[in-house]
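Results of the structural survey
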Amino acid sequence: MVNGDGAHEHTEEAETKQDGTAEADGGEESNEQEVIVIQDTGFTVKIQAPGTEPFDLQVSPQEMVQEIHQVLMDREDTCHRTCFSLQLDGNVLDNFAELKSIEGLQEGSLLKVVEEPYTVREARIHVRHIRDLLKSLDPSDAYNGVDCNSLSFLSIFTDGDLGDSGKRKKKGNELEQIDCTPPEHILPGSKERPLVPLQPQNKDWKPMQCLKVLTMSGWNPPPGNRKMHGDLMYLYIVTVEERHVSVTASTRGFYLNQSTTYTFNPKPANPSFLSHSLVELLSQISPAFKKNFHCPAKEKRHPFERIATPFQVYSWTAPQVDHAMDCVRAEDAYTSRLGYEEHIPGQTRDWNEELQTTRELPRKNLPERLLRERAIFKVHSDFAAAATRGAMAVIDGNVMAINPGEETRMQMFIWNNIFFSLGFDVRDHYRELGGDAAAHAAPTNDLNGVRAYGAVDVEGLYTLGTVVVDYRGYRVTAQSIIPGILEREQEQSVIYGSIDFGKTVVSHSKYLELLEKTSRPLKVQRHNVLNEKNDSVELCSSVECKGIIGNDGRHYILDLLRTFPPDLNFLPVDGEELPLESQRQGFPRQHRHRLACLRQELIEAFVEHRYLLFMKMAALQLMQQKANKDTKTDTPAATDSEENSSNIPGLAQAKELAETLVAEDGSDPKSREVVLNACKAVGSISNTSFDIRFNPDIFSPGVRFPDDSADDVQKQKQLLKDAAAFLVSCQIPSLRIGISELITRCAKHIFKTYLQGVELSALSAAVSHFLNCFLSSFPDAVAHLPPDELVSRRKSRKRRNRVPGSGDNTAWASLTPSELWKNIASEAQSYYHFTIQCESVDQVVEKYNLQKTTLLREISVKTGIQILIKEYNFDSRHKPAFTEEDILNIFPVVKHVNPKASDAFHFFQSGQAKVQQGFLKEGCELINEALNLFNNVYGPMHVEICACLRLLARLNYIMGDHPEALSNQQKAVLMSERVLGIEHPNTIQEYMHLALYCFANGQLSTALKLLYRARYLMLLVCGEDHPEMALLDSNIGLVLHGVMEYDLSLRFLENALTINTKYHGPRSLKVALSHHLVARVYESKAEFRSALQHEKEGYTIYKNQMGEAHEKTKESSEYLKYLTQQAVALQRTMNEIYKNGSNASIMPLKFTAPSMASVLEQLNIINGIIFIPLSQKDLENLKAEVQRRQQLQELGKNEEPTEDSPLELEDKIPID
């Protein structure tokens, strides 16, 4: 086992060396600050591999030997080696040793790469690695959603790497060779929404063929006597030249043997071409292989295009990919994948032990915490992948149930040390709470609980690894297994909580002590409930939360589905009234189940809101006390203070006053009274300080409270009602959920049950039939029943019991479009209380101005459908849009915990805070530091790294370093494509930022291509009618103005004006800016009348909103004067020409093409970037400046964040 387990298990963290030294970005010069603080300084060693020149490698003492292995496997000249050891002065280095622990290893040491004998395991790893090299440019794994591959198309729009093109294109004036015309379907007003451009075909992706076939031979495994000659396995290979050869993998390497398809002759051929590496062997026998094979390291591609992502991302469309023979894939499917994890030979992984041991790692200092968090993250992403595979195997009927005698919906499964259960109400457990609907909602609630307790991370309190998978209409919960739980009855094991929703309840001092530590961060109130004997029992969680001590002695908590308090808007309770805000909107409403609970984010927002209220009230009372020292006044109650908020002091004052209160330590009775009143008013559980917590058992049907806590219970009820009202009156209005979202969610609910009755062989027919009923204008979509099932109905009856389906297997075929839309309308009514008065997709599209591609994308993403990428004719009334050939795959939709990198996150936040205060350099350093720490924990690919890179790029840009901004933003775009998806709203925004930096860098045509791509994606995802489209179109219009494409520019800018007017109202500052941008283009066209007309509109808005004296109003007024002069001059000239004909003396007119600088300035304004002059004195003035800008520069800010883009472009530097 020379190469250790590291061969492919650690690729994620080792793909880019995590200390951010030169290897991190495939050898670009890395930023100096990227060397992480906690690591000692690096040093250089020489590496000598067989048949190559020695080369230098920069390493750090913290690294393991294994990471050098990985570097060698990624280098061009050594990428085909896998089975080797590194030796220093003849001593083999241990793979898992840190470099600093190796005696004699120092600056300039020579490490030799020594070929080692193969074992069966090493030979397999070698073949797998060669296959990965051969496939590295082929996107089929990304389309098939395997091995954490995913798609990225950025390089198609930037012609490879931006770094090079920047240098290349700077020469000469770039304006001559730009073709600015976008494709027809991208222009404003176009109704066409083609699908094919979503995944442009990259010419580099048709890799040169190196081999026709490489598979395991049918002569495996070697017979005993050949084993004793060192044969490990046999391969069958067909070269491009059609030469069929049989290869022996032996302990010494690979050689040709004399076997053929039908005769076994394992003797070496003559010549045998014995080589230690398969690549060397193939290069000798196939000229085409030698010519076409090259290591991916040589490719022009950015390393981010091929590094594995931590969690699998699935694509909802794919081209028809050729299915080629692939030995490794075929072997995986039948061996390791179905019971064993690949890298631990002969045993499965004990997931629970791994998940819990990583939590127990020490965390006293930064290096320890990084190590711990990296281990936690790695085991979580491995567990999520294994759980997903297992859940699919369970639903596909490939796993034996542990209770095979019971009916299918009640079955439970264990596979690979993971426990799987289905989301059905099996033993009437949820009968009181809504049956199957509750059983379906419980797993996601439970997962949110696991996530919350995991984030609080209390030492000694353990949760189960939990993953929720929706696949083929079933919800599967995958959990790690508590040691010993399967051997005993649950009743004996539970020592805290209740197994029957509160009828019998027990408690335990150790659990109370552990849960007490979570009480404050999770806002859970300690409380008493009555058990079946009417004794009072103390809990610090909901009653369903069960405590079980495993055979490993650890304290586990499970069933965390009620960690957060219920949402009373969906829980009518007899005799209880909701506040008026809720009642006005028709709440409470009966819901399908009684498990609707408030999200953690809502609880946080509510508590924050109450805290501000608390501060303001205390301040108000103190001011009144000061003012009325002589006349006594009553302290106002809560309701007053909300109405009187006009005379409430500013928050800053309130905080100062409140701090003085705290400082006084409550000794002054007056201030004590103030705090007491404020506490009472906001519902704090303490009388001396602000502290809001919820009792999660309030309104739980089976729970009873002791009489002595009646007051507390009453208070808690009120608090819950207030939270429910806060949700509908404050939070909901700031979100906008689209009609298309509502419709596709209803369709998803129906699709779920629809799919449950479909057997595997009819799956593609059933899915295409459903999509036809949902989206096709063809009124009588008829399902194509696969013919063979109709014949063998008797046979299929028998088989059916194995898969958790029931009912007639062909019932799905009778669905009609009108029936489906009836069901969608009634679902919308019963689930969302929304009335859709439409009977067909065309009526819905017409009435709500939706588009079918958006609906198709939404339903596919929500349910895991993958369809063939081609143009679909939805509107034909003569034939359905989809056939079963168009349905390529159905993927799982997976929910799991995302462990966080806490230290990195703190660095990131402090960096943001510094930037907000105007200390850009310090902010930049902190964020660079955060980037290192994120890399350290997550490996190179992660959503949070993406946010980090985006902010860095923005800072680079503001500080004038355009090339660095480009490089960081390019990484952010690639990462967003890979980790979130190629058309995710965040990805679209990343494209826009990159376009801005390209423009600033003088790469105009690239900037336009990127903006056109962003607009195409935006049209596909949500159509033209969207507030964000205005910003995008303003960007495109400005760039086109800059390259003097005036007419085209006007089409985009006028569209932006229309959209801004629609969403922000005709008097908004955004609209004023839009008018100004349009006026500038008319000026460039010398159409002064139109220019004046638009600028006047803008001027009027500025004057009304900001007053005459404001600089914006003044600027506009100056520009109006200038336009008037130009118009007058033009008129004079025209008159002169009319009067005197050709011999008129004409005054030369100033027709100005806009300067790039002026275009860039406008681009910065609309994208909310302010430049900061960086002298010390100016920095002092910055704070005042930022506050002033905040008020006037609502121009650059999107006033209403839409639901799916939490990242707002702000006038300050953005916070994500």
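In what follows, the structure referred to is the one given above.
Notes on the structure follow. (Residues numbered from 1 in each chain as written. Predicted model: local features only at pLDDT ≥ 70, side-chain atom pairs only at ≥ 80, totals over all residues. Heavy atoms only, no water.)

1. Structural notes on the overall build of the protein
The number of helices and strands found in the protein is 42 helices and 23 strands. The buried share of the protein, taken over its 1216 residues, is 56%. Taking contacts inside the protein between residues at least 6 apart in sequence as the whole, the part at least 24 apart equals 70%. (Helix = DSSP H or I, 4+ residues; strand = E, 2+ residues; numbered from the N terminus. Buried < 20%, exposed > 50% of the residue type's maximum accessible area, 1.4 Å probe, protein only. Contact = heavy atoms within 4.5 Å.)

2. Brief notes about the nonpolar core
Counting residues in hydrophobic clusters, the biggest one holds 191 residues, and the most contacted among them are Phe774, Ile824 and Ile867. The element contributing the most residues to this core is helix 35 (residues 1004-1022), with 13 residues. Ranked by size, the runner-up nonpolar core spans 60 residues in total, among them Val529, Cys540, Leu578 and Leu622. (Core = buried A, V, L, I, M, F, W, Y, C linked by side-chain atoms within 4.5 Å.)

3. Regarding helix 29 (residues 852-863)
With 12 residues, helix 29 extends 16 Å from end C-alpha to end C-alpha; this agrees with the ideal 16 Å at 1.5 Å per step. Burial analysis of helix 29 places 11 of its 12 residues in the buried class, the great majority of the element. Of the residues making up helix 29, those classed as buried are Lys852, Thr853, Thr854, Leu855, Leu856, Arg857, Glu858, Ile859, Ser860, Lys862 and Thr863. (Expected span 1.5 Å × (residues − 1).)

4. Some points on the side chain of Thr239
In this structure, Thr239 sits in strand 7 (residues 231-239). Exposure remark for Thr239: the relative accessible area of 0% places this residue in the buried category. What Thr239 contacts, discounting residues up to four positions off in sequence, is Leu211, Lys212, Ile285 and Ser286.

5. Considerations on the sheet that holds strand 12 (residues 418-422)
Across the sheet, five strands lie side by side as 11-12-15-14-23; this open sheet has antiparallel pairing. The open sheet has two edge strands, strand 11 (412-415) and strand 23 (893-896), and neither has a second partner. Across the sheet, the mean angle separating the axes of adjacent strands is 20° when strand polarity is ignored. Sheet topology note: the strand 11/strand 12 ladder contains four bridges and is antiparallel. (Pairing = 2+ DSSP bridges. Axes fitted to C-alpha atoms, helices over the stretch in contact; angles between N-to-C directions.)

6. Section: the packing of aromatic side chains
Taken as a whole, this structure holds 33 aromatic pairs when the rule is applied. One cation-aromatic arrangement involves Arg409 over Phe424; the distance from NZ or CZ to the ring centre is 4.3 Å. One Lys or Arg, Arg554, reaches over the ring of Tyr462 and ends 5.5 Å from the middle of that ring. (Phe/Tyr/Trp six-rings, centres within 6.5 Å; stacked < 30°, edge-to-face > 60°. Lys NZ or Arg CZ within 6 Å of the ring centre and 35° of its normal.)

7. Notes on the packing of helix 36 (residues 1027-1042) against helix 37 (residues 1046-1064)
For the pair helix 36 and helix 37, the least separation of the axes is 8 Å and the interaxial angle reads 155°. One finds that helix 36 runs roughly antiparallel with respect to helix 37. In this structure, the crossing between helix 36 and helix 37 has a hand that is left-handed. Across the interface between the two elements, Pro1027, Met1029, Ala1030, Asp1033, Ser1034, Ile1036, Gly1037, Leu1038, Leu1040 and His1041 from helix 36 touch Tyr1046, Leu1048, Ser1049, Phe1052, Leu1053, Asn1055, Ala1056, Ile1059, Asn1060 and Tyr1063 from helix 37. Split into classes, the residues belonging to the contact of helix 36 with helix 37 amount to 13 nonpolar, six polar and one charged. (Parallel < 35°, antiparallel > 145°, perpendicular 65-115°, else oblique. Left-handed = near helix turned anticlockwise from the far one by under 90°. Nonpolar A, V, L, I, M, F, W, Y, C, P; charged D, E, K, R; others polar.)

8. Describing the packing of helix 18 (residues 600-627) against helix 21 (residues 669-682)
What describes two packed helices is the angle between their axes and the distance between those same axes. Across the interface, helix 18 lies against helix 21 with an axial gap of 9 Å and an inter-helix angle of 145°. With respect to the hand of their crossing, helix 18 and helix 21 are arranged in right-handed fashion. Along the contact surface, helix 18 presents Arg610, Leu613, Phe614, Met617, Ala618, Gln621, Leu622 and Gln625, while helix 21 presents Lys670, Val674, Val675, Asn677, Ala678, Cys679, Ala681 and Val682. Across the contact of helix 18 with helix 21, the residue classes break down as 11 nonpolar, three polar and two charged.

9. Regarding the environment of Tyr453
By secondary structure assignment, the location of Tyr453 is in helix 14 (residues 435-456). Judged by relative accessible area, which is 6%, Tyr453 ranks as buried. Residues Tyr453 and Leu515 lie 62 residues apart in sequence; the distance between their C-alpha atoms is 9.5 Å. In this structure, Tyr453 is in contact with Leu461, Thr463, Leu515, Thr518, Leu522, Ser541, Ile557, Leu560 and Thr563, ignoring residues within four places of it in sequence.

10. Remarks on helix 33 (residues 962-979)
Given a rise of 1.5 Å per residue, 18 residues ought to cover 26 Å, and the 25 Å separating the end C-alpha atoms of helix 33 matches this to within 8%. With respect to burial, helix 33 is a largely interior element, 15 of its 18 residues being buried.

11. What to know about unusual backbone geometry
In the segment running from Asn270 into Pro271, the intervening peptide bond is cis, with an omega of -5°. Looking at where Pro271 falls in the secondary structure, it is placed in the loop between strand 9 (253-256) and helix 9 (278-285). Backbone torsion omega between Phe587 and Pro588 reads 0°, so that peptide bond is classified as cis. Among the secondary structure elements, Pro588 is positioned in the loop between helix 17 (580-584) and helix 18. Residue Glu242 is not a glycine yet carries a positive backbone phi of 70°. Within the secondary structure, Glu242 sits in the loop between strand 7 and strand 8 (244-250). A relative accessible area of 45% places Glu242 in the partly exposed class. In this structure, Asp559 is a non-glycine residue whose phi angle is positive, near 55°.

By themselves these figures say nothing about function.
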